[in-house]
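What follows is each chain in one-letter form.
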Amino acid sequence: MLTTSIARIDKRTKELVNRLNSGEIAVINHKDLDEVAANSLVMCKPRMVINAAESISGRYPNLGPEILEKAGIPILDHVGEEAFDKINEGDLLGIKDNEIYLNDQWIGKGTLLTRELIKKRLEETNENFENELDKFIENTLEYAKKEKDILLGNLKIPKVKTKFKERHTLVVVRGQNYKEDLHAIRSYIEEFNPILIGVDGGGDALLEFGYVPDMIVGDMDSVSDECLKACKEIVVHAYTNGKAPGLQRVTELGLDAVVFPAPGTSEDIAMLLAFENQTELIVAVGSHSNMIDFLDKGRRGMASTFLVRLKVGSKLIDAKGVNKLYRESVKIKHFVGLAFGAMIPVFIVAALSPAVQQLFKLLIIKLKFVFPMEFLGRYHIW
C-alpha cells in the first residue's frame, strides 16, 4: 500500500507540531519518543510519523510509540540520519513497504512499529531499567552536591511584582495529563483564585482553559507570543553564568522581563519564587517528579528538583494524576438516592399540613368508588 503526503520536518518535535497539519507526514529525529511529544503529535492528526532515531531504544519504558499506535498513526521507525537529511519541509513523500521515496527516488527504509513489536520492545526495556536507575541515582547525587545552594538558601531570588503572600500559587507545566488534571481542579481555581504561573508552554495551557497567567517562567522556547503578551509578568530562566537566551525573544516583542539565573529546571525556580515570596500553598500540575519524567526530558538526573521539593515540600501539593480520582461516572442509583433523601422532609411537612390531610381524605373516598372494599381492606388502605 502506497502512502503519499506532504512532509513536515524538524529535529525538535515540539517545534514541528506548531506547523504540522492533519493528513501530513511528521518527520522527526526523536530518540525514545515521550508521552508529551506523542500526545502533541496525536492532536495534529498526521497520516504517519517517520522517526530517524529509535522510538524505543531500550533505556527505559517510554510510552510515546504506544500512544501513537493506539491513535491509529503508523510509525516508520529508525530510518536513519541519512534519510532525514535528504528530506526538506514541504517535500512530497511516498512510503511503500516501509521504504521512503522522494520524487520517485528511494531514500531510505525503516521498521513499522506494530502493536506486537512495541509491546516486545517495552518488555525488553525492563531488563535494562535497573542499570538505568543506578546511573540516574548516581547523577542525581553528583549534581546535588553542586546545586546544594538551592537547598541551603544561598541562591539569589530576584524581586518580582507579583504578590504571593497569603495566597495560593498554581504552577502549570505542560507535562503528562496536564489537561485532565487542570480540568479536575477547576473548582479549586474558581474558589481560591490562586496566582497562576505557567512554565513555558504551561502558560498556553492556562489560556486554553480561559485563564490569563499572572506569570510566565521559563527559557521561552515553547510559549506563544500571544501568551507572553497576555501575561502580567515574565521571568526568564538563565544559566548560572547569567546568560539568558530566551531574553532576546521577550525584548523583541517589546516586553519587560525579570532574569533569574539558576541551575535546574524552570518549574523548579517557579516553585522557589512562590516559596521565597511567602505563598501559602503551591499546587503543581503536570510537573516532572519521577525518573521516567526526567528521562523523557532527556535529563540524566533530577538533583535540582529533588532539592527544591525537599525545601518547599511543606507547602507543595502535586496534582499530577488527580483526574484519575474522578473517573467513575455518576450512576442512576446515586440520583435516585439523592432524590429520595430530598423528598423525605417534603413528605414530613406535607403530612403535618391540614390542607394536605384533607386532600388525602378526599383521595381515600374516591378510591372507595374505584376499587372494591375487599381490595382496599387487603392492603390496609381503608
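Summary of the structure given here. Just so you know, these numbers come straight off a predicted model, no measurement behind them.

**Remarks on a nonpolar patch on the surface**
Consideration 1: On the surface, a cluster of nonpolar side chains totalling about 250 Å² of accessible area is made up of Leu133, Ile137 and Leu141.
Consideration 2: One can find Leu141 in helix α5 (residues 115–146).

**Considerations on the environment of Thr162**
Consideration 1: Checked against the element boundaries, Thr162 lands in the loop between α6 (149–152) and β9 (168–173).
Consideration 2: Residue classification places Thr162 among the buried residues on the basis of a relative accessible area of 14%.
Consideration 3: Each C-alpha atom, one on Thr162 and one on Ala274, is 9.4 Å from the other, the two residues being 112 residues apart in sequence.
Consideration 4: Residues within four places of Thr162 in sequence aside, it is in contact with Ile195, Asp214, Met215 and Glu233.
Consideration 5: A polar side-chain atom of Thr162 sits 2.6 Å from a polar atom in the side chain of Glu233.

**Observations concerning the environment of Arg186**
Consideration 1: Within the secondary structure, Arg186 is located in helix α8 (residues 186–192).
Consideration 2: Note on Arg186: relative accessible area 31%, which makes it partly exposed.
Consideration 3: Excluding anything up to four places from it in sequence, Arg186 contacts Phe209 and Tyr211.

**Some words on the side chain of Glu267**
Consideration 1: Mapped onto the elements, Glu267 comes out in helix α12 (residues 266–276).
Consideration 2: Salt bridges are absent for the buried Glu267, whose nearest opposite-charge side chain, Arg309, sits at 5.0 Å.
Consideration 3: Ignoring anything within four residues of it in the chain, the contact list for Glu267 reads Val173, Val199, Ser287 and His288.

**Focus on the sheet that holds strand β6 (residues 99–102)**
Consideration 1: Reading across the sheet, the eight strands line up as β7-β6-β5-β1-β2-β3-β4-β8 and stay open at both edges, with mixed pairing between neighbours. Two strands lie at the open edges of the sheet, namely β7 (105–109) and β8 (111–112), each paired on one side alone.
Consideration 2: Pairing of strand β2 (residues 25–28) with strand β3 (residues 48–51) involves four bridges; the strand directions are parallel. The residue bridging Ile25 from the neighbouring strand is Met48, located in β3.

**Quick word on α5**
Consideration 1: Here α5 spans 43 Å end to end across 32 residues, near enough to the 46 Å set by a 1.5 Å rise per residue.
Consideration 2: A bend of about 50° at Asn128 is the largest found in α5.
Consideration 3: Residues of α5 that are buried: Ile118, Leu122, Thr125, Glu132, Phe136, Asn139, Thr140 and Ala144.

**A word on the nonpolar core**
Consideration 1: With 26 residues, the main nonpolar core has Phe164, Ile197, Met215, Val217, Val235, Leu273 and Ile282 as its most contacted residues.
Consideration 2: Taken together, the elements giving at least two residues each to this core come down to β9, β10 (195–199), β11 (215–218), β13 (258–261), α12, β14 (281–285) and α14 (303–312).
Consideration 3: The greatest single-element share of this core, amounting to seven residues, is contributed by α12.
Consideration 4: Apart from residues no more than four positions distant in its own chain, Ile282 is found in contact with Thr169, Val171, Met271, Ala274, Phe275, Val312, Lys315, Leu316 and Ile317.
Consideration 5: Val17, Leu20, Ile56 and Ile73 belong to the second largest nonpolar core, which has 19 residues in total.

**Concerning the packing of α12 against α14**
Consideration 1: Two elements in contact, α12 and α14, have axes separated by 10 Å at closest approach and are oriented at 20°. Put simply, α12 runs roughly parallel to α14. Considering how the two elements wind past one another, α12 and α14 form a crossing that is left-handed. In contact with Asp268, Met271, Leu272, Phe275 and Glu276 of α12, α14 contributes Ser304, Thr305, Val308, Arg309, Lys311 and Val312.
Consideration 2: When the residues that make up the contact of α12 with α14 are grouped by side-chain class, the tally is five nonpolar, two polar and four charged.

**Here we look at the pairing of β2**
Consideration 1: Every second residue of β2 is oriented toward a common face, with Ile25 and Val27 on one face and Ala26 and Ile28 on the other, all of them buried.
Consideration 2: Taken together, β2, helix α2 (residues 35–44) and β3 form a β-α-β motif whose crossover is right-handed.

**Focus on the environment of Ser304**
Consideration 1: Within the element layout of this structure, Ser304 appears in helix α14.
Consideration 2: Given a relative accessible area of 5%, Ser304 falls into the buried group.
Consideration 3: For the pair Ser304 and Ala144, spaced 160 residues apart in sequence, the C-alpha separation works out to 6.6 Å.
Consideration 4: Apart from the residues lying within four places of it in its own chain, the contact partners of Ser304 are Glu147, Ile150, Gly264, Thr265 and Asp268.

**As for the sheet that holds β11**
Consideration 1: Sheet architecture is open: seven strands sit in the order β13-β12-β11-β10-β9-β14-β15, paired in parallel fashion. Both edges of this open sheet fall to β13 and β15 (316–318), since each of them pairs with a single strand only. Averaged over all pairs of adjacent strands, the angle between strand axes in this sheet comes to 20°, irrespective of strand direction.
Consideration 2: With four bridges joining them, strand β12 (residues 234–238) and β13 adopt parallel strand pairing. The residue of β13 that forms the bridge with His237 is Phe260.
Consideration 3: Set on the sheet, α12 makes contact with β9, β10, β11, β12, β13, β14 and β15; between it and β11 the angle comes to about 135°.

What counts and how
- Residues numbered from 1 in each chain as written.
- Predicted model: local features only at pLDDT ≥ 70, side-chain atom pairs only at ≥ 80, totals over all residues.
- Heavy atoms only, no water.
- Patch = residues over 30% accessible without salt bridge, like charges linked within 9 Å, V, L, I, M, F, W, Y side chains within 5 Å.
- Areas by Shrake-Rupley, 256 points an atom, 1.4 Å probe, with all protein chains shown as cover.
- Salt bridge = Lys/Arg side-chain N within 4 Å of Asp/Glu carboxyl O.
- Helix = DSSP H or I, 4+ residues; strand = E, 2+ residues; numbered from the N terminus.
- Buried < 20%, exposed > 50% of the residue type's maximum accessible area, 1.4 Å probe, protein only.
- Contact = heavy atoms within 4.5 Å.
- Polar contact = N/O pair within 3.5 Å; in protein donor to acceptor, adjacent residues only side chain to side chain.
- Lys, Arg positive; Asp, Glu negative; His and termini not counted.
- Pairing = 2+ DSSP bridges.
- Expected span 1.5 Å × (residues − 1).
- Bend = angle between axes of the 7 residues up to and from the residue.
- Core = buried A, V, L, I, M, F, W, Y, C linked by side-chain atoms within 4.5 Å.
- Axes fitted to C-alpha atoms, helices over the stretch in contact; angles between N-to-C directions.
- Parallel < 35°, antiparallel > 145°, perpendicular 65-115°, else oblique.
- Left-handed = near helix turned anticlockwise from the far one by under 90°.
- Nonpolar A, V, L, I, M, F, W, Y, C, P; charged D, E, K, R; others polar.
- Right-handed = clockwise from strand over helix to strand, strands pointing away.

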